[in-house]
Amino acid sequence: MSYNKLKSLVANVEAIKTALQIHIQGRQATPEEKETLSQYSGFGGIKEVLNIGTDKPVSGDMEEPIQRLQELIDTYPHFTEPMRHNVMEGIKASVLTAFYTPKFLIDVVAKQIHATFKDNELQMRSFLEPSAGIGGFPVAMSDTCGYAIEKDPVSGLILSLLNDNTITRTAGFETIDEQGFEHTKFDVIASNIPFGNFRVFDAELWKKGGIYEQATKTIHNYFFVKALELLNEGGLLAFVTSRGVADTPSNKFVREYLVNHADLISAIRMPDTLFMYTSGIEVGSDLLIFQKHTHKAALSQREQLFLQVGR
């Protein structure tokens, strides 16, 4: 089934409407409402939302759902004006960053992680998804304490309604130390992390200096370094990320950090069309999986190759 931008926009607006109604009534979502909420796919690639609040008109079939979206945000009684502004700015910002992971890939990653823990008779005590969207990676097992963080206010609200058994926060990953989680280290961290050349303000990493401060200058590098710092020894890190982590010569420092502090389990190049079915966009991405191994004696041949850049 190919991506239909109008259909995705209409489904997003209906999901937001449902979420706001549930929030006003102060209750949990019904199974039927969860089905509606689960159709939310973010606004990655839906550039028409950038015209909201400007003099630029939206024409054609997109006009009516865009108007309904604006009305929902403008009339929601629990938003202050600053909150209203932040929600709308979050929606606009997500046009460039919100590309939701196809379900087949999520299922494969979750199945493999579950098999790893079961085959080795290990218990997954804690799981974190640091850029959760509406809850993309169902990796937590039956006895796992699951945590999910999502910065976008709308996605965060839907995330909380869809995941009754997960502790959720609408905040940036950089604020994790302020969230009061019972676990401060995690057995598994998995996510489709943000793409783009955005800086992150993280005072703890800035204080450390060196590669830690350098990592905060680009959001995907930041997520890798921050997440590995939060992993328990032997824990698994699985990120869908832009190709810049593996391909960019200037990112060699983060590749060196990763292979010196963890074992490379998988490095899989995804097809450019991976996000076509969820966001209608072609973008290069990789699936990178590491197991934390702090005191390594040497790098494997695969890890040495991972450090290199070539055609």
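What you see is a predicted model; the values in this text were computed from it and never measured. (Residues numbered from 1 in each chain as written. Predicted model: local features only at pLDDT ≥ 70, side-chain atom pairs only at ≥ 80, totals over all residues. Heavy atoms only, no water.)

Our focus in this paragraph is the nonpolar core. Leu128, Phe173, Ile189, Phe224 and Phe290 are the most contacted members of the largest nonpolar core, which totals 37 residues. Contacts of Phe224, omitting those with residues within four sequence positions, involve Ile193, Leu237, Phe239, Thr241, Val245, Val254, Leu258, Leu288 and Phe290. Leu9, Leu37, Ile73 and Leu161 belong to the second-largest nonpolar core, a separate cluster that totals 34 residues. (Core = buried A, V, L, I, M, F, W, Y, C linked by side-chain atoms within 4.5 Å. Buried < 20%, exposed > 50% of the residue type's maximum accessible area, 1.4 Å probe, protein only. Contact = heavy atoms within 4.5 Å.)

Further remarks concern the sheet that holds strand 4 (residues 186-192). Spatial strand order, 3-2-1-4-5-7-6: seven strands in an open sheet with mixed pairing. Unpaired on one side and paired on the other, strand 3 (166-170) and strand 6 (262-269) mark the two borders of the sheet. Direction aside, the axes of adjacent strands within the sheet are offset by 15 degrees on average. Sheet topology places strand 4 next to strand 5 (residues 231-242); six bridges connect them, and they run parallel. Along strand 5, the bridge assignment pairs Phe186 with Leu231. Set on the sheet, helix 6 (residues 153-162) makes contact with strand 2 (145-150) and strand 3; between it and strand 3 the angle comes to about 165 degrees. This element, helix 11 (residues 252-261), spans strand 6 and strand 7 (285-292) of the sheet and lies at about 125 degrees to strand 6. (Pairing = 2+ DSSP bridges. Helix = DSSP H or I, 4+ residues; strand = E, 2+ residues; numbered from the N terminus. Axes fitted to C-alpha atoms, helices over the stretch in contact; angles between N-to-C directions.)

Right, let's get into the side chain of Lys296. Of note, Lys296 is situated in the loop between strand 7 and helix 13 (301-307). Residue Lys296 is classed as buried on the basis of its relative accessible area, which comes to 17%. One polar contact links the side chain of Lys296 to the main-chain carbonyl oxygen of Val259, over a distance of 2.6 Å. Side chain to side chain, Lys296 and Asp263 meet in a polar contact 3.4 Å long. Beyond its immediate chain neighbours, meaning those up to four positions away, Lys296 contacts Val259, Asn260, His261, Ala262, Asp263 and Glu303. (Polar contact = N/O pair within 3.5 Å; in protein donor to acceptor, adjacent residues only side chain to side chain.)

Relative to the 18 Å expected for 13 residues at 1.5 Å per residue, helix 3 (residues 63-75) spans 18 Å between its end C-alpha atoms, a close match to the ideal helical length. Pro65, Ile66, Leu69, Leu72 and Ile73 are the residues of helix 3 that are buried. All buried residues of helix 3 lie within an arc of 120 degrees about the axis, which places them on one face of the element. (Expected span 1.5 Å × (residues − 1). Arc of directions from axis to C-beta.)

One way to put it is that helix 1 (residues 5-25) packs onto helix 6 with a least axis distance of 10 Å and a crossing angle of 65 degrees. Taken together, the axis directions place helix 1 and helix 6 in an arrangement best described as roughly perpendicular. The way helix 1 lies across helix 6 gives a crossing that is left-handed. Contacts between helix 1 and helix 6 involve Ala15, Ile16, Ala19, Leu20, Ile22 and His23 from the first element and Val154, Leu157, Ile158 and Leu161 from the second. Residue composition of the contact of helix 1 with helix 6, by class: nine nonpolar, one polar and no charged. (Parallel < 35°, antiparallel > 145°, perpendicular 65-115°, else oblique. Left-handed = near helix turned anticlockwise from the far one by under 90°. Nonpolar A, V, L, I, M, F, W, Y, C, P; charged D, E, K, R; others polar.)

Time to look at the packing of aromatic side chains. To describe a pair of aromatic rings, you give the distance between the ring centres and the angle between the ring planes. Inspection of every chain in the model, using the stated rule, returns twelve aromatic pairs. Between Tyr147 and Phe186, the aromatic rings sit 5.6 Å apart at their centres with planes inclined by 75 degrees, giving edge-to-face as the arrangement. Here Tyr147 is found in strand 2, whereas its partner Phe186 is found in strand 4, with 39 residues between them in sequence. When its relative accessible area of 1% is taken as the criterion, Tyr147 is described as buried. Ring geometry for Phe290 and Phe306: centres 5.9 Å apart, planes at 65 degrees, overall edge-to-face. With Phe290 in strand 7 and Phe306 in helix 13, this residue pair connects regions lying 16 residues apart in the sequence. By relative accessible area, Phe290 is classed as buried at 0%. The exposure class of Phe306 is buried, given its relative accessible area of 8%. (Phe/Tyr/Trp six-rings, centres within 6.5 Å; stacked < 30°, edge-to-face > 60°.)

Tallying each qualifying case throughout the model produces 14 salt bridges. Close ionic contact of Glu33 with Arg27 constitutes a salt bridge, the shortest N to O distance being 2.7 Å. Among the residues examined, Glu33 registers a relative accessible area of 16% and is labelled buried. Between Glu204 and Lys207 there is a salt bridge; the shortest N-O distance is 3.8 Å. One end of the pair, Glu204, and the other, Lys207, are both in helix 7 (residues 203-208), three residues apart, so they sit about a helical turn from each other. Through salt bridges with shared partners, one network takes in Asp247, Arg269 and Asp286. (Salt bridge = Lys/Arg side-chain N within 4 Å of Asp/Glu carboxyl O.)

What is shown is where atoms sit, not what they do.
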